[in-house]
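# A look at the structure
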Amino acid sequence: MKKLIAGNWKMNLGRNDAGNLARNLAEKAAQANDKYELILCPPSVWLTDVADAIKGSAVKLGAQDVHEQDKGAFTGNLSANMLKEAGAAYALIGHSERRQYHREDNVLIKSKAENAIKNGLIPIICVGEVEEDRNAGRQNEVVGQQIAESLPASGEFVVAYEPVWAIGTGKTATPEDVRAMHAFIRSALAKAVDRAEQVAILYGGSVKAANAPEILATPNVDGVLVGGASLDEKEFWAIAQAA
Ligand code: 13P
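Everything in this summary refers to the structure shown in the same document. (Residues numbered from 1 in each chain as written. Predicted model: local features only at pLDDT ≥ 70, side-chain atom pairs only at ≥ 80, totals over all residues. Heavy atoms only, no water.)

## With respect to the nonpolar core
Residues I185 and L189 are the most contacted members of the largest nonpolar core, which totals 64 residues. When neighbours within four sequence positions are excluded, I185 is seen to be in contact with V127, V143, I147, V159, Y161 and I201. Counting 14 residues, the second largest nonpolar core, distinct from the first, contains C41, Y90, L92 and L202. (Core = buried A, V, L, I, M, F, W, Y, C linked by side-chain atoms within 4.5 Å. Buried < 20%, exposed > 50% of the residue type's maximum accessible area, 1.4 Å probe, protein only. Contact = heavy atoms within 4.5 Å.)

Now the structure itself:
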């Protein structure tokens, strides 16, 4: 399986910087290769700019969120169809920042994922425990429940494991933490869906060029979801080269 190297730009970069970063990465990743696929998830207001910048290259576009309904009176939201039309192939769903600041729960995340699939997007469904759960040794229980309740019943999707305490903190999970959790997620997937071995499981949380080789070499790690380091062209490119 190709490694997925996804950059979540979150609420960062102005229009020029977004376009330039995407254009430069698209130049470097002009041709598809069998090692990795690059995915850029810019703020939605720049989706079409980034789509133009990566046109003709092997770089793919992702949204950072998607609404669970097809259309209607939902002020401020974007439907899967709109994102698809803007050029997105993927959509992050249930990122811990959406769970925390927008009170998204597993039920909502599942319906967003199902609607995304129905409209031809590949959801990247995020799971991960907070520090308190990790300290209490409850990480498998929490992530197991997120997997059981937020995954769509069928269709193609990706899972991203992002321990909340490792996001933007510089604290990375140890290689053993990552190995154990990804193995746990693989077995939880086997209970929840058909063809669990074909679901890509990404790791996210303070991934950098320096730790990417070890993380990407861990069994059941099929890619990375990168926040801060994806805003830096050299760092992000170096992470891709570690695949
Ligand atoms: P950082 O790489 O900045 O820790 O963010 C991870 C993340 O939340 C990606 O979605």
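Next comes the rest of the description.
## Observations concerning the site of the ligand
In the neighbourhood of the ligand, 13 residues make up the surrounding shell, with K10, H95, G168, S206 and G228 lying closest. In this structure, an oxygen atom belonging to the ligand sits 2.9 Å away from a main-chain N or O atom of G227. Expressed as a share of its isolated accessible area of 310 Å², the protein-covered part of the ligand is 95%. Split by residue class, the shell around the ligand holds four nonpolar, seven polar and two charged. (Near = heavy atom within 4 Å. Polar contact = N/O pair within 3.5 Å; in protein donor to acceptor, adjacent residues only side chain to side chain. Areas by Shrake-Rupley, 256 points an atom, 1.4 Å probe, with all protein chains shown as cover. Nonpolar A, V, L, I, M, F, W, Y, C, P; charged D, E, K, R; others polar.)

## Remarks on the packing of helix α1 (residues 15-28) against helix α2 (residues 47-54)
Between α1 and α2, the least distance of the axes is 8 Å, while the angle of their chain directions is 30°. It follows that α1 is roughly parallel to α2 by the angle criterion. Seen along the crossing, α1 lies across α2 with a hand that is right-handed. Side by side, α1 and α2 meet where R15, A18, G19, A22, R23 and A26 of the first sit next to D49, V50, A53 and I54 of the second. Classifying every residue of the contact of α1 with α2 by side-chain character gives six nonpolar, one polar and three charged. (Axes fitted to C-alpha atoms, helices over the stretch in contact; angles between N-to-C directions. Helix = DSSP H or I, 4+ residues; strand = E, 2+ residues; numbered from the N terminus. Parallel < 35°, antiparallel > 145°, perpendicular 65-115°, else oblique. Left-handed = near helix turned anticlockwise from the far one by under 90°.)

## Some points on the sheet that holds strand β2 (residues 36-41)
Strand order in the closed barrel made by the eight strands is β1-β2-β3-β4-β5-β6-β7-β8, with parallel pairing throughout. Taking the axes of each pair of neighbouring strands and ignoring which way they run, one obtains an average angle of 25° across the sheet. Relative to strand β5 (residues 122-127), strand β4 (residues 90-93) is paired through four bridges, and the arrangement is parallel. Across the sheet, Y90 pairs through a bridge with I122, a residue of β5. Along the sheet, helix α5 (residues 106-118) makes contact with β4 and β5, crossing β5 at roughly 160°. On top of the sheet, helix α8 (residues 175-192) reaches β5, β6 (158-161) and β7 (201-204); it is set at about 145° to β7, its chief contact. (Pairing = 2+ DSSP bridges.)

## Thoughts on the packing of aromatic side chains
Throughout the structure, instances matching the rule amount to two aromatic pairs. When the ring of Y161 is compared with that of Y203, the centres are 6.2 Å apart and the planes differ by 55°; the resulting orientation is tilted. In this pair, Y161 sits in strand β6 while Y203 sits in strand β7, placing the two residues 42 residues apart along the sequence. (Phe/Tyr/Trp six-rings, centres within 6.5 Å; stacked < 30°, edge-to-face > 60°.)

## Some points on the side chain of D222
Position of D222 relative to the elements: it lies in the loop between α9 (212-216) and β8 (223-226). Excluding anything up to four places from it in sequence, D222 contacts M1, K2, K3, L4, R186, V199, A200, I201 and L202.

## What to know about the pattern of salt bridges
Within the structure shown, the criterion is met by 15 salt bridges. Here R98 ties to E104 by a salt bridge, and the two come within 3.0 Å at their closest N and O atoms. Judged by its relative accessible area of 6%, E104 is buried. Linking R186 and D222 is a salt bridge whose minimum nitrogen-to-oxygen distance equals 2.9 Å. Pair noted here: R186 is in helix α8 and D222 is in the loop between α9 and β8, with a separation of 36 residues, a long-range link. (Salt bridge = Lys/Arg side-chain N within 4 Å of Asp/Glu carboxyl O.)

## Topic: α8
Between its first and last C-alpha, α8 extends 26 Å over 18 residues, near the 26 Å set by a 1.5 Å rise per residue. V178, M181, H182, I185, R186, A188 and L189 are the residues of α8 that are buried. Take α8 and look down its axis: the buried residues cluster within an arc of 165°, on one side only. Where α8 is buried, its residues contact β5, α6 (131-135), α7 (139-150), β6 and β7. (Expected span 1.5 Å × (residues − 1). Arc of directions from axis to C-beta.)

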